[in-house]
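# Secondary and tertiary structure notes
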Amino acid sequence: MSAWAGWSLIIGGAVLILLPGVAVLAGWRPGRFRHAQAPVPLLGAAGLAMYGTVLFNEIPRLAGAPGDVRSTCAYIGLGLMALAVALVVLYDFLAGPSRRGR
């Protein structure tokens, strides 16, 4: 992957994932989640974990790190993505059956 594509992922992830995640953690609730019974900050934390995945996968590639470092960071990124999925599943579980039925 080229350096241009790596920087595009980092900047695009910051705009599309990081900013809304931080905003949700700061107290902003998007329109469809205003009346949710589950804790919406779980979704903000999931967004931060997803952006962490982007960082752990792209920064070592852009820095030209050796293969061992890149593979270790890829495993850390995989763990962060699993955390993000677990947080979204926990949010859905806490939302109750009325939210899941829609």
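Residues numbered from 1 in each chain as written. Predicted model: local features only at pLDDT ≥ 70, side-chain atom pairs only at ≥ 80, totals over all residues. Heavy atoms only, no water.

Right, let's talk about the side chain of Thr53 for a bit. Note that Thr53 resides in helix α2 (residues 41-63). Only 3.1 Å separates the side chain of Thr53 from the backbone oxygen of Gly77, close enough to count as a polar contact. Setting aside residues up to four positions removed in sequence, Thr53 forms contacts with Gly77, Leu80 and Met81. (Helix = DSSP H or I, 4+ residues; strand = E, 2+ residues; numbered from the N terminus. Polar contact = N/O pair within 3.5 Å; in protein donor to acceptor, adjacent residues only side chain to side chain. Contact = heavy atoms within 4.5 Å.)

Another point: α2. Its 23 residues place the ends of α2 32 Å apart at the C-alpha level, agreeing with the 33 Å of an ideal helix rising 1.5 Å per residue. Taken as a whole, α2 has its buried residues at Leu42, Gly44, Ala46, Gly47, Ala49, Tyr51, Gly52, Thr53, Val54, Glu58 and Pro60. Buried-residue contacts for α2 involve α1 (3-25) and α3 (67-95). In the segment just after α2, Gly64 is the residue with positive phi, at about 70°. (Expected span 1.5 Å × (residues − 1). Buried < 20%, exposed > 50% of the residue type's maximum accessible area, 1.4 Å probe, protein only.)

As a further point, take a nonpolar patch on the surface. Side chains of Trp7, Ile11, Val15, Leu16 and Leu19 sit close together on the surface and give an oily, nonpolar patch of about 570 Å² of accessible area. Looking at where Leu19 falls in the secondary structure, it is placed in helix α1. Owing to a relative accessible area of 54%, Leu19 belongs among the exposed residues under this scheme. (Patch = residues over 30% accessible without salt bridge, like charges linked within 9 Å, V, L, I, M, F, W, Y side chains within 5 Å. Areas by Shrake-Rupley, 256 points an atom, 1.4 Å probe, with all protein chains shown as cover. Salt bridge = Lys/Arg side-chain N within 4 Å of Asp/Glu carboxyl O.)

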